[in-house]
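Topology and contacts: notes
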Amino acid sequence: MTFFAFLGALSLSVLAFELLNVFQNAFSTFGGSRLSHFSSQPQAKRRSTWEALLIAILPGRFDPDSAKNMGDVISLLRRAGYPYDTPGEFYAAAIRDFSTFLLVGGMLAGALAAMNIIVAAPVIAMIFILLGLRRPYVRLKTLAKKRAESLRNNMLIGLSVLSSLLSSGVGVQEALRRASTVGGPFCNLLGLLVARMEVEDFTKAIDVTRAHLPDPKDVEANLFLRDIYDFFANNRPVLSSVQGLQESVHRSVVESTEERAALVRQRAGLFGVMAVLGLVLAIIAPFMGSGLM
């Protein structure tokens, strides 16, 4: 019990320390902005004592310089569309998330220990610690999944524009560049592909573009990149492949829309049945009460 009470007190002290640190940084930023007129040296962002402590305890989890999963983080950032500009920003957000969950878990564990519910205290604390460690990665995976769904819809538009341009006699690279101006996840990938082909070999450009796919197992997107590779490597015609992929993506979009509509109808029917049952119970409840009397 004493340990969990200490854990709750430690969480409160961490909260108080972080609030004081925020005020200190605010005053330092205000003073730095006034001194910036006299100095052109860039001011490095200072870490709080709590951040430095977490990095010292778990460097493989929170330190960008020694993280063991840096490759996975970079891959997730690419697939999610770079919600954080650098891996360092991601690890800073991971520290903030973990601190929040650790604070809440420590306070709940301390409260349970104070109420003499010692058995549940370590379970609650461990659950919040694990959630705090996993939340940043779960957020990136969720963003990548949403981006993959948006890419499928945008791919239909991009392939339609690309097919029209190729049918009118526009060159493949120029057609890719024009289609990229439409905007959206897939068209942005076309812009990335064109930009990379201007500075390096088309094979490397295609590999870089493939690494930015939100879903590495997306069949249509991988087939498209393979057709582009075959055009530049083997001079194979690309118009027929683009038109075939356009039809395939159109069928996939229609099927996914029908699946969502069927799910909505199923849930609406379930809610309707529950509403009818509730209405029937509300009607017969007074009679059941009077019968018991």
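Here, the structure is the one placed above.
Residues numbered from 1 in each chain as written. Predicted model: local features only at pLDDT ≥ 70, side-chain atom pairs only at ≥ 80, totals over all residues. Heavy atoms only, no water.

**A short note on helix α6 (residues 120-167)**
Taking 1.5 Å per residue, 48 residues should reach 70 Å; α6 reaches 67 Å between its end C-alpha atoms and fits that length. A positive backbone phi angle near 95 degrees is found at glycine 169, which sits one or two residues after α6. (Helix = DSSP H or I, 4+ residues; strand = E, 2+ residues; numbered from the N terminus. Expected span 1.5 Å × (residues − 1).)

**Brief notes about the packing of aromatic side chains**
Evaluation of the coordinates by the stated rule reveals 9 aromatic pairs. On the numbers, 5.8 Å between centres and 70 degrees between planes, the contact of tyrosine 84 with phenylalanine 90 is edge-to-face. Ring pairs connect the aromatic residues Tyr84, Phe90, Tyr91 and Tyr137, which therefore count as one cluster. (Phe/Tyr/Trp six-rings, centres within 6.5 Å; stacked < 30°, edge-to-face > 60°.)

**Focus: the nonpolar core**
Counting 30 residues, the largest nonpolar core has Leu159, Leu162, Leu176, Phe224 and Ile228 as the members making the most contacts within it. The set of elements that each furnish at least two residues to this core consists of α6, α7 (172-180), α8 (185-197), α9 (202-211), α10 (219-234) and α11 (239-292). Counting residues per element, this core draws most heavily on α6, at 7 residues. If sequence neighbours within four positions are ignored, phenylalanine 224 has contacts with Met155, Leu159, Leu162, Leu176, Phe186, Leu190, Val242 and Leu245. By size, the runner-up hydrophobic cluster in this structure holds 13 residues, among which are Ala80, Tyr91, Ala93 and Leu140. (Core = buried A, V, L, I, M, F, W, Y, C linked by side-chain atoms within 4.5 Å. Buried < 20%, exposed > 50% of the residue type's maximum accessible area, 1.4 Å probe, protein only. Contact = heavy atoms within 4.5 Å.)

**Focus on the packing of helix α4 (residues 70-80) against α6**
Running from N to C, α4 and α6 point in directions that differ by 35 degrees, and their axes come no closer than 8 Å. The chirality of how α4 crosses α6 is left-handed. Along its contact with α4, which presents Val73, Leu76, Leu77, Arg78, Arg79 and Ala80, the element α6 presents Tyr137, Leu140, Lys141, Leu143, Ala144 and Arg147. Residues that form the contact of α4 with α6 fall into these classes: 8 nonpolar, no polar and 4 charged. (Axes fitted to C-alpha atoms, helices over the stretch in contact; angles between N-to-C directions. Left-handed = near helix turned anticlockwise from the far one by under 90°. Nonpolar A, V, L, I, M, F, W, Y, C, P; charged D, E, K, R; others polar.)

**So, unusual backbone geometry**
Positive phi is not limited to glycine here, since tyrosine 82 has a value of about 55 degrees. Of note, tyrosine 82 is situated in the loop between α4 and α5 (87-114). Backbone geometry places asparagine 116, a non-glycine residue, at a positive phi of 65 degrees. Note on placement: asparagine 116 falls in the loop between α5 and α6.

**So, α7**
Val172, Ala175, Leu176, Ala179 and Ser180 are the residues of α7 that are buried. In a view along the axis of α7, the buried residues occupy a sector of 135 degrees, so they form one face of it. Packing partners of the buried residues in α7 comprise α6, α8 and α10. (Arc of directions from axis to C-beta.)

**Observations regarding the environment of methionine 70**
Along the chain, the position of methionine 70 falls in helix α4. The spatial distance from the C-alpha of methionine 70 to the C-alpha of proline 87 is 7.8 Å, given a sequence separation of 17 residues. Excluding its chain neighbours within four sequence positions, the residues that come into contact with methionine 70 are Pro64, Pro87 and Tyr91.

**Notes on the side chain of asparagine 69**
Here asparagine 69 is to be found in the loop between α3 (59-62) and α4. Classification of asparagine 69 as buried rests on a relative accessible area of 14%. Here the side chain of asparagine 69 touches tyrosine 91 through a polar contact of 3.1 Å, side chain to side chain. Aside from chain neighbours lying at most four places away, what touches asparagine 69 is Gly60, Tyr91 and Tyr137. (Polar contact = N/O pair within 3.5 Å; in protein donor to acceptor, adjacent residues only side chain to side chain.)

Purely geometric numbers; function is a separate question.
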